[in-house]
Amino acid sequence: MHTNHWGGSLEINDQLEEEKRRILIDNDDDWVDKASFYHQKRNLEKGELNETQKSWILEPPLKKKKKYVDLGCIVISRKTLKWTLYFIIIAFVVIGLPIIIAKVIIPKHKLHPTPPDNYTLALHKALLFFNAQKSGKLPKNNGISWRGDSGLQDGSNLTEIKGGLIGGYYDGGDNVKFHFPMSFAMTMLSWSVIEYEHKYRAINEYDHVRDLIKWGTDYLLLTFNSSATRINKIYTQVGGSRNGSTSPDDHYCWERPEDMDYDRLVQQTSSGPDLAGEMAAAFASASIVFKDDNTYSNKLIKSATTVFAFARDFSKRATYSQGNSYIEPYYNSSGYWDEYMWGAAWLFYATGNSSYLALATAPGLARNANAAKMRPDLIVLSWDNKLPAAMLLLTRTRLFLNPGYPYEEMLNSYHSITGLTMCSYLQTFNVFNWTQGGMIQLNQGRFQPLQYVANAAFLASIFADYLNSSGVPGWNCGSSFISLDTLRSFATSQIDYILGANPANMSYVVGYGSRYPKHVHHRGASIPNDKVKYSCTGGWKWRDSRNPNPNTITGAMVGGPDKFDNFQDVRSNFSYTEPTMAGNAGLTAALVSLTSSGGLGVDKNTIFSAVPPLYPATPPPPPPWKP
């Protein structure tokens, strides 16, 4: 035996040899299990040991080798794969199978989208009013079954206008095309689209409202020489009437627009900074709406600059309505300095030309416009007074662009006056009277109050959105801090009043709600669509009828109740029941600002698309120093 200094392997090897000799005995011995002998012999020859033999060399038993499965992207043991498959089968039985059974056996219930809010429902209808007011050759998809082509001879005797003055919109229940309030209506619609495009898209009205704006701006482009850079006159009105007239005209006669058979005079002016300033605002704001159409947008911008130059001509500074008996009783202008500020603000946004911003913030202009006087008649937005809207629009510049010197002083002043204007709308401060039913009396208790109410609701709503987008939670009215929720509550309360939350429980928007005016002062809506042509005086029977209108002028916001919340649904009383273009434009803007469809807030950036950076760009850092 060989010895090992550490004991072990050499001695063990001798023992293994001895074992081999012991096992290899004579095959004929009876006590030997030959099968066992055979296997032991094979193992010894192969050098393999049984469990007992392994224990002799003091080593643990060899572990059973794991088997693996190659799945291509991963190698996994068979045991793990087996348990994973078991788990999948169990999960399918417990979770998947019940779902499949429920889908197959249980009756299916279609998931409905979230229903639109009331403001969205009313907005759909308010936009249809403009379709009903279209003049000219109507598109096939106009959607008002009782309206047809009309006014196709308007301005046909004007040799300098090819094709005449065909198109545009009738103002209200008569068949007159008043260009001053029509321009204002187009500006208000464009403003609402610029700020709330995402909402119009969400309710599938974006293309519709753009078509409505273009219908108006296409027509307004006909009212002056839009191919020239300097003009000397603008057509101000088509149709109309003198007070007390007994001759066939748009007020004396009660005829559908399609049946007009009397002369329709065209009014014009060789001055008119108010009308021209409003037209500039309409073209400039619409050019932003149509920024995706370069040709049309540039045409609108060119026209805006042309008519604004006409407005600023010192020799033409008499109001467009002055001395015109066809205009003064209906849409008389009280001044033009507000249109200067309004038009200049929109031209700045449309062109990016800072000279327009300099004009809009000129102290002399603000002084002539009485911007700081805070008289009740000056803080109410209307077709005649754009001052509060112009200052709010310029406040937007301060909030989002903050141009600084030399504009900051006046912009800060406009911002402060805008805040005070909003304070005046709140009942807490007792600036305006309110009806017992909750309507603010912005027109001092006179008739047709709702157009002013809708405009104020829009201004309050959009101002709240401006502040919220700027991260400002409210503003101060004297020592009182007013939250944005308070301002929004004012806006919603006034629109809710218009939509039916009033003592009469009547919606003043036709077709909205279960109860609304049925005797609207409107010629086309009040005469049956029976293919009979009624004469000038033959239509009086429909004017004086006590029956409801045979045609529903959906979306029309009527004049509204009196200062005691009383409303007379009488067709002959236009003070209560006549709708107007300007009124519905303000209502549309307010509704889209308040609806939650498409998300809340304004589009902060689109209005500034043409405005270049106000400050030089930060230069790039110098390259790293190299030795």
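You'll find the structure just up there.
Every chain's residues receive numbers from 1 upward, in the order its sequence appears when written. With the structure being a predicted model, the display of local features is reserved for residues of pLDDT at least 70 and the display and counting of side-chain atom pairs for 80 or more, all residues being used for whole-chain, interface and lining totals. Side-chain numbers come from the whole structure's heavy atoms, not from hydrogens or water.

Undergrad: Let's hear about the overall build of the chain: which residues, and what values?
TA: Along its length, the chain carries 21 helices and seven strands. For every residue, the accessible area (1.4 Å probe, protein chains only) is compared with the maximum for its type, and the residue is labelled buried under 20%, exposed over 50%, or partly exposed between those bounds. Across the 627 residues in the chain, those meeting the buried criterion constitute 51%. Contacts are assigned to residue pairs with any non-hydrogen atoms lying within 4.5 Å of each other. A separation of at least 24 residues holds for 73% of the contacts in the chain among residues at least 6 apart in sequence. Summed over all atoms, the accessible surface of the chain reaches about 30,900 Å², with 54% contributed by carbon and sulfur. By definition, any uninterrupted DSSP run of H or I lasting at least four residues is a helix, any uninterrupted run of E lasting at least two residues is a strand, and each is numbered from the N terminus. All accessible-area figures derive from a Shrake-Rupley calculation using a 1.4 Å probe, and residue coverage is judged against the displayed protein chains alone.

Undergrad: Which residues make up helix α17 (residues 484-499), and what values do they have?
TA: Take the number of residues in a helix, subtract one, and multiply by 1.5 Å to get its expected span. In this model, α17 (16 residues) spans 22 Å end to end at C-alpha, consistent with the 22 Å of a helix rising 1.5 Å per residue. Listed as buried for α17 are L484, L487, F490, A491, Q494, I495, Y497, I498 and L499. Residues of α17 that are buried sit in contact with α5 (118-132), α15 (408-425), α16 (450-469), β6 (474-477), β7 (480-483) and α21 (581-594). Downstream of α17 by a residue or two, G500 has a phi angle that is positive, lying close to 135°.

Undergrad: Could you give me a rundown of the pattern of salt bridges, with the residues and numbers involved?
TA: Each reported salt bridge corresponds to a side-chain nitrogen of Lys or Arg within 4 Å of a carboxyl oxygen of Asp or Glu. Per the counting criterion, the structure on display carries 19 salt bridges. For the salt bridge of K137 with D149, the shortest nitrogen-to-oxygen distance reads 3.3 Å. Here the residue K137 occupies a position in the loop between α5 and β3 (177-178), and D149 occupies one in the loop between α5 and β3, the gap between them amounting to 12 residues. For D149, a relative accessible area of 32% corresponds to the partly exposed category. One network of salt bridges, with partners in common, ties together D154, K177, D250 and R264.

Undergrad: I'd like a description of the packing of helix α8 (residues 273-289) against helix α9 (residues 294-312), backed by residues and values.
TA: Simply put, an axis is a line fit to the C-alpha atoms, just over the touching stretch for a helix, and the angle between two N-to-C directions goes from 0 to 180 degrees. Running from N to C, α8 and α9 point in directions that differ by 160°, and their axes come no closer than 8 Å. By the angle between their directions, the pair α8 and α9 is classed as roughly antiparallel. Viewed along their axes, α8 and α9 form a crossing whose handedness is left-handed. Mapping the contact onto sequence places P273, A276, G277, M279, A280, F283, A284, A286 and S287 in α8 and S297, L300, I301, S303, A304, V307, F308, F310 and A311 in α9. Each residue gets one label: Ala, Val, Leu, Ile, Met, Phe, Trp, Tyr, Cys and Pro are nonpolar, Asp, Glu, Lys and Arg are charged, and the others, such as Gly, are polar. Of the residues contributing to the contact of α8 with α9, the split by class is 14 nonpolar, four polar and no charged. Note that the term roughly parallel is reserved for angles under 35 degrees, roughly antiparallel for angles over 145, roughly perpendicular for angles of 65 to 115, and oblique for everything else. Take the far helix as the reference: if the near one is turned anticlockwise from it by less than a right angle, the crossing is left-handed, and if turned clockwise, right-handed.

Undergrad: Please provide a residue-by-residue account of the state of the cysteines, values included.
TA: In what follows, a disulfide is any cysteine sulfur pair within 2.5 Å. Tallied over the full model, the rule gives two disulfides. Note that C423 is cross-linked by a disulfide to C477, the S-S spacing being 1.8 Å. Taking the sign of the S-S torsion, about -95° here, the bridge from C423 to C477 comes out left-handed. On the criterion of sequence distance, the pair formed by C423 in helix α15 and C477 in strand β6 is long-range, its members being 54 residues apart.

Undergrad: Explain the pairing of strand β5 (residues 266-269) to me, using residue names and the numbers behind them.
TA: One face of the sheet, then the other: side chains in a regular strand alternate in exactly this way. Covered by surrounding structure in β5 are Q267 and T269 only, the residues V266 and Q268 on the alternate face being uncovered. Pairs of strands are assigned from DSSP output, requiring at least two bridges between the strands. Across four bridges, strand β4 (residues 234-238) lies against β5 in antiparallel orientation. Counted as the bridge partner of I234 is T269 from β5.

Undergrad: Tell me what's going on with the sheet that holds β3, and back it up with residues and numbers.
TA: Ordered in space as β3-β4-β5, the three strands form an open sheet in which the pairing is antiparallel. Both outer strands of the open sheet, β3 and β5, are each paired with one neighbouring strand and no more.

Undergrad: Which residues make up unusual backbone geometry, and what values go with them?
TA: Residue P406 follows Y405 across a cis peptide bond; omega there is 5°. With a phi angle near 60°, N204 is a residue other than glycine that sits in the positive phi range. With a phi angle near 70°, K531 is a residue other than glycine that sits in the positive phi range. Among the secondary structure elements, K531 is positioned in the loop between α18 (523-526) and α19 (540-543). The class of K531 is exposed, set by a relative accessible area of 76%.

Undergrad: Give me helix α7 (residues 206-220): which residues, what numbers.
TA: Look at α7: 21 Å from first C-alpha to last across 15 residues, which is about the 21 Å you get at 1.5 Å a residue. Within α7, 11 of the 15 residues are buried, which leaves it mostly tucked inside the rest of the structure. Buried within α7 are the following residues: Y206, H208, V209, R210, L212, I213, W215, G216, T217, Y219 and L220. On its buried face, α7 sits against α5, β3, α6 (179-202), β4, α8 and α9.

Undergrad: Outline the packing of aromatic side chains, listing residues and values.
TA: Only centres within 6.5 Å qualify two rings of Phe, Tyr or Trp (six-membered ring in Trp) as a pair; their planes then separate them into stacked at under 30 degrees, edge-to-face at over 60, and tilted for everything else. One pass over the full model with this rule turns up 30 aromatic pairs. Both rings, one in F308 and one in Y340, keep their centres 6.4 Å apart while their planes meet at 75°; by these two values the pair is edge-to-face. In this pair, F308 is assigned in helix α9 and Y340 in helix α11 (residues 337-351), connecting sequence segments 32 residues apart. Like F308, the residue Y340 is buried in the burial classification. Through successive ring pairs, a cluster of aromatic residues spans W191, W342, W346, F348, Y349, F458 and F608. Note on criteria: charge over ring means Lys NZ or Arg CZ within 6 Å of the ring centre, with the direction from the centre no more than 35 degrees off the ring normal. Of note, R312 hangs over the ring of Y340, and the distance from its end group to the ring centre comes to 4.7 Å. Note that K518 overlies the ring of Y516, its terminal NZ or CZ placed 4.9 Å from the centroid.

Undergrad: Explain the packing of α6 against α21 to me, and be specific about the residues and the numbers.
TA: Viewed as axis vectors pointing N to C, α6 and α21 meet at an angle of 15°, and their least axial separation amounts to 9 Å. Between α6 and α21, the angle falls in the class roughly parallel. The element α6 and its partner α21 pack so that their crossing is left-handed. Residues M182, F184, A185, M186, M188, L189, S192, Y196, K199 and Y200 of α6 pack against M581, A582, A585, G586, T588, A589, V592, S593 and L594 of α21. Residues belonging to the contact of α6 with α21 are distributed by class as follows: 14 nonpolar, four polar and one charged.

Undergrad: Please set out the nonpolar core residue by residue, giving values where relevant.
TA: With 166 residues, the main nonpolar core has W191, W346, I495 and I498 as its most contacted residues. A per-element tally of this core places α16 first, with 14 residues. Ignoring any residue separated from it by four or fewer positions in sequence, one finds W191 in contact with W342, W346, A389, L392, L393, F458, L459, I462 and Y466. For this analysis, a nonpolar core means a set of buried residues of the types Ala, Val, Leu, Ile, Met, Phe, Trp, Tyr and Cys, connected via side-chain atoms within 4.5 Å. In terms of nonpolar packing, the next biggest core, distinct from the first, is built from five residues, Y170, C253, M260 and Y262 among them.

Undergrad: How would you summarise the side chain of S135 if you had to cite specific residues and measurements?
TA: Following the sequence through the fold, S135 ends up in the loop between α5 and β3. Between N or O atoms, a polar contact is any pair within 3.5 Å; within protein, one atom must be a potential hydrogen donor and the other a potential acceptor, and residues adjacent in sequence are included only when both atoms are from side chains. A distance of 3.0 Å separates a polar atom in the side chain of S135 from a polar atom in the side chain of Y170. Ignoring anything within four residues of it in the chain, the contact list for S135 reads S150, G151, D154, G167, G168, Y169, Y170, K177 and W215.

Undergrad: Mind laying out the environment of Y452, listing which residues take part and the relevant values?
TA: Its place among the elements puts Y452 in helix α16. Residue class for Y452 comes out buried when judged on its relative accessible area of 17%. Sequence separation between Y452 and L442 is 10 residues, and the spatial gap between their C-alpha atoms is 6.3 Å. In this structure Y452 touches V380, L381, S382, W383, L442 and N443, once residues within four positions along its chain are discounted.

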